[in-house]
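# Structural characterization, general
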Amino acid sequence: MSESAHEPSPFPPTAPPPRRVSPGLYLVATPIGNLRDMTLRALDVLAAADLVLAEDTRVTAKLLAAYGLKAKLERCDDHASARAAEIAIERVREGQVVALVSDAGTPVISDPGFVVARAFIAADLPVHPVPGASSLLAALCIAGQPSDRFLFAGFLPPKSGARKTMLEEVRAARQTLVFFESGPRLAASLADMAQVLGPRPAAVTRELTKLYEEAIRGTLAELAVDPRCDGPKGEIVIVIGPGEVQVASAADADAALLEALARLPTGEAASEVAQALDLPRKPLYRRALELQGRG
């Protein structure tokens, strides 16, 4: 038996047959590194597409060529998404198939394609997801942090001050946090994260599905000084474990109540402190009365 007989078929003989691709907008996920991660349905849609909207037409042209496909390409980046939406809507109204792709992964997520998808929804035209590779989900799977609830916060601002402000906004979240980041800013971002979020466990993932795939795990402070996190190449996803629940002490509650009572009626003060400290309102209301000498 020849060696070629052992090579797997590129398409399983038992794979479901392709379905007809009807007119509409298709949000097509593309590989984030490993070209074998393209789905059969994605290939069907791209082969049938009359127009493909692409974040970078050069990147997408190379991707299509890898699968022996050709298509009419239209740029859809931050500067051209509104025009791309107009063109795509006109094409679909003419009965054509339009596919939208990002440079890698699932489009619309932190991606200019969102403008197109929202325009189609507003125009009451069909929008179809073609799911596949996602760096967000791939990183979450291998980070070793809770994945039952997570908050995806996208890219942080490039400057430290604005970055810390954004981190303060998510500091109280009890879910796992997920961020995108670039290599040159990684170490500085990790240092700001350690300062604002505290000693949380985290993972820095890069080059997902590629030859040099890597997941670096540790506390935020440890990762901030890890030489592997000092300007690495490749796309980076940071996954941070949820913060520990801080239970307010009786002294904390009293201090908050006294401050609130100085400016609010008793009931409103108890409600505000209950929400701020995540404590039940009724005991706080009774304590507020005691602090006022009415209990």
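Not measured: the values here are computed from a predicted model.

Quick look at the overall build of the protein now. Each helix and strand counted, the protein has 11 helices and 10 strands in total. Dimensions of the protein, computed from the C-alpha atoms along their principal axes, are close to 85 × 45 × 40 Å. For the protein, buried positions account for 40% of its 295 residues. Within the protein, residue pairs in contact and separated by at least 24 positions form 68% of the contacts whose partners lie at least 6 positions apart.

A word on the pattern of salt bridges. Applying the stated criterion to the full structure yields 13 salt bridges. Between Arg206 and Glu214 there is a salt bridge; the shortest N-O distance is 3.1 Å. Overall, Arg206 belongs to the buried group, its relative accessible area being 12%. A relative accessible area of 22% means that Glu214 is categorised as partly exposed. For Arg228, the salt bridge identified is with Asp226, shortest N-O distance 2.8 Å. With relative accessibility at 45%, the residue Arg228 sits in the partly exposed group.

Quick notes on the rules
- Residues numbered from 1 in each chain as written.
- Predicted model: local features only at pLDDT ≥ 70, side-chain atom pairs only at ≥ 80, totals over all residues.
- Heavy atoms only, no water.
- Helix = DSSP H or I, 4+ residues; strand = E, 2+ residues; numbered from the N terminus.
- Buried < 20%, exposed > 50% of the residue type's maximum accessible area, 1.4 Å probe, protein only.
- Contact = heavy atoms within 4.5 Å.
- Salt bridge = Lys/Arg side-chain N within 4 Å of Asp/Glu carboxyl O.

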